[in-house]
Amino acid sequence: MSNVPLLEVDDVSIEFRTRSGVVKALEDVSFTVAKGEIVGLVGESGSGKSVSAYAAMGILDAAGVVTKGRIAYQGMAINGAKERDLQALRGREMSMIFQSPRTALNPIRTVGRQIGDVLRRHGGATRQNWRERAIAALAQVRIPDPARRAEAYPFELSGGMCQRICIAMALACEPKLLIADEPTTGLDVTTQAAIMDLIANLCRARGMGALLITHDLHLAAESCDRIVVMHAGHVVETGPVQALFARPLHPYTASLLAATPSPDRSLDDIGAIPGNLPDLRAPLPPCRYRTRCQRALEVCDREPLPALVEGKKEGTQGAFGPLHPQPTANAAGQLRSGDGSAVAPGGTGGQNPPHPNHHTVRCWNPLRTEEAA
Ligand SMILES: Nc1ncnc2c1ncn2[C@@H]1O[C@H](COP(=O)(O)OP(=O)(O)OP(=O)(O)O)[C@@H](O)[C@H]1O
Ligand code: SF4
Ligand SMILES: [Mg+2]
């Protein structure tokens, strides 16, 4: 049982059936969160981060359908589970910090009572001690004068304060799995650092696992053990944080990193990712980055995307796994897929010994390690 991840999203596809068409929001998405680790889920707006989080909590919008795959919490299936069983998990076992704190709070109930409600329902608090525990939860997220703030209504508090109240609420019952959707976006840098320290300490001390959804790649680099990169509903690359940031292999990951501001870069050095996300209601090419990709090959239009495979685990080399034809090099060094067709004028697949920190990429023409460095 100890090897079972806290959260397992395995080959999941999700569609929203809307009046304007079927939105193919996620396709073949896989990732895990283990006990004690922080996994960063990054990608542009609309890439499917929140949909993945809602699906993991079993709170997808009514129009959303899981058409394929399995989502499990500690081995228990989430998709298809009864609402009563899911309610027993939420709060105590798994909890979520929502992306928009104001809409997540009840406007006509004081914030102390809202935290108290969660504690009484899921955290074993009693009529006698819920208030004291709610105040302690507020103090934990550095709310000044928590006893007074507990009596406030959300509209009386700033956006950053509401955000911290949502964080306090999510952590109040000591969940084993925390899903945090942009948890620190509205916070000043000092409070942001304190909240991330708190989450990291809970992961170390209690073995809590966290899925951290963020646009902030610096925050992800500082806080996470592993990163999952999403683009237009696909996971395009995953790996340990250092390896992935030092040697991004997917062209999208590289563009995302190049578009990230940093103190040692001038504005002119910050790249823009070409084009836009595709319309997820329209017919889509196998690789959803196709129209934006400057490394595209003919095979990208023809073949289904290579599967994301943990090469090391499967005993394979490089980024390609046994689920897809292993590219081999001809005399000219040109990579060829299993059917003999050329797939890349270069690349890492199959030819290099696995790096100890290797990661996986879902692309026919990944960047060479030296290009990415
Ligand atoms: N209820 C819904 N009905 C129809 N489409 C939806 C619904 N919810 C999400 N989508 C679509 O699913 C895709 C992924 O949305 P999602 O909210 O997961 O993006 P995101 O990565 O969280 O973006 P952001 O960084 O802006 O929060 C988008 O194309 C979005 O329009
Ligand atoms: S090389 Fe092909 S598969 Fe890879 S990101 Fe570009 S279009 Fe997609
Ligand atoms: Mg979102």
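Rules of the game
- Residues numbered from 1 in each chain as written.
- Chains lettered and ligands numbered in written order.
- Predicted model: local features only at pLDDT ≥ 70, side-chain atom pairs only at ≥ 80, totals over all residues.
- Near = placed C-beta within 6 Å.
- Nonpolar A, V, L, I, M, F, W, Y, C, P; charged D, E, K, R; others polar.
- Pairing = 2+ DSSP bridges.
- Helix = DSSP H or I, 4+ residues; strand = E, 2+ residues; numbered from the N terminus.
- Contact = placed C-beta atoms within 7 Å.
- Axes fitted to C-alpha atoms, helices over the stretch in contact; angles between N-to-C directions.
- Buried ≥ 20, exposed ≤ 12 C-beta atoms within 10 Å, placed from the backbone.
- Parallel < 35°, antiparallel > 145°, perpendicular 65-115°, else oblique.
- Left-handed = near helix turned anticlockwise from the far one by under 90°.
- pLDDT = per-residue confidence, 0-100.

### Observations concerning the site of ligand 1
- Neighbouring residues of ligand 1: 16 residues in total, closest Phe16, Ala25, Ser45, Ser50 and Val51.
- Each residue belonging to the shell around ligand 1 can be placed in one class, and the counts come to six nonpolar, eight polar and two charged.

### A short note on the sheet that holds strand 3 (residues 38–42)
- Read from one edge of the open sheet, seven strands run 6-7-8-3-9-10-14, paired in mixed fashion. Edge positions in the sheet fall to strand 6 (94–97) and strand 14 (360–361), since each has one partner strand and no second.
- Taken strand by strand, helix 7 (residues 159–171) contacts strand 6 and strand 7 (177–181), and its axis lies near 175 degrees from that of strand 6.

### What to know about the sheet that holds strand 5 (residues 76–77)
- Pairing within the open sheet is antiparallel, and its four strands lie in the order 2-1-4-5. Either end of the sheet is taken by a strand with one partner, and the two such strands are strand 2 (21–33) and strand 5.
- Of the strand pairs in this sheet, strand 4 (residues 64–73) and strand 5 are connected by two bridges, and their pairing is antiparallel. Residue pairing in the sheet places Tyr73 in a bridge with Met76 of strand 5.
- Contacting strand 1 (7–18), strand 2 and strand 4, helix 1 (residues 49–57) runs over the sheet at an angle of about 110 degrees to strand 1.

### Concerning the pairing of strand 7
- Counting buried residues in strand 7 gives five out of five residues, a clear majority hidden from the surface.
- Neither face of strand 7 is exposed, since Leu177, Ile179 and Asp181 on one face and Leu178 and Ala180 on the opposite face are all buried.
- Direction of pairing for strand 6 relative to strand 7: parallel, over a ladder of four bridges. Across the sheet, the residue bridging to Ile97 is Ala180, located in strand 7.
- By the bridge criterion, five bridges tie strand 7 to strand 8 (residues 209–213) in an arrangement that is parallel.

### Regarding the packing of helix 4 (residues 111–122) against helix 5 (residues 130–140)
- At a minimum axis separation of 9 Å, helix 4 and helix 5 run at an interaxial angle of 110 degrees. As summarised for this structure, helix 4 and helix 5 are arranged roughly perpendicular, according to the angle between their axes. As helix 4 runs across helix 5, the sense of the crossing is right-handed. Between helix 4, through Gly112, Ile115, Gly116, Leu119 and Arg120, and helix 5, the contact on the second element is made entirely by Trp130, Arg131, Arg133, Ala134, Ile135 and Ala137.
- Split into classes, the residues belonging to the contact of helix 4 with helix 5 amount to six nonpolar, two polar and three charged.

### Points about the environment of Gly112
- Assignment of secondary structure puts Gly112 in helix 4.
- Separated by 19 residues in the primary sequence, Gly112 and Arg131 place their C-alpha atoms 7.0 Å from one another.
- Apart from residues no more than four positions distant in its own chain, Gly112 is found in contact with Arg131, Ala134, Ile135, Ala150 and Glu151.

### A few points about the confidence of the model for the chain
- Put simply, the chain has an average pLDDT of 85, and 85% of its residues get 70 or more.
- At the level of individual helices and strands, the chain shows its lowest average pLDDT in strand 12 (residues 335–336), which scores 30, and its highest in strand 8, which scores 98.
- Every residue in residues 310–355 scores below 50 in pLDDT, and together they form 91 contacts with partners more than four places removed in sequence or on other chains.

### Details of the packing of helix 4 against helix 7
- Two elements in contact, helix 4 and helix 7, have axes whose closest approach is 9 Å; the angle formed by their N-to-C orientations is 20 degrees. Accordingly, the angle class assigned to the pair helix 4 and helix 7 is roughly parallel. Where helix 4 crosses over helix 7, the handedness of that crossing is right-handed. Across from Val111, Gln114, Ile115 and Val118 in helix 4, the residues of helix 7 making contact are Ile165, Ala168 and Met169.
- Here the contact of helix 4 with helix 7 is built from residues that sort into six nonpolar, one polar and no charged.

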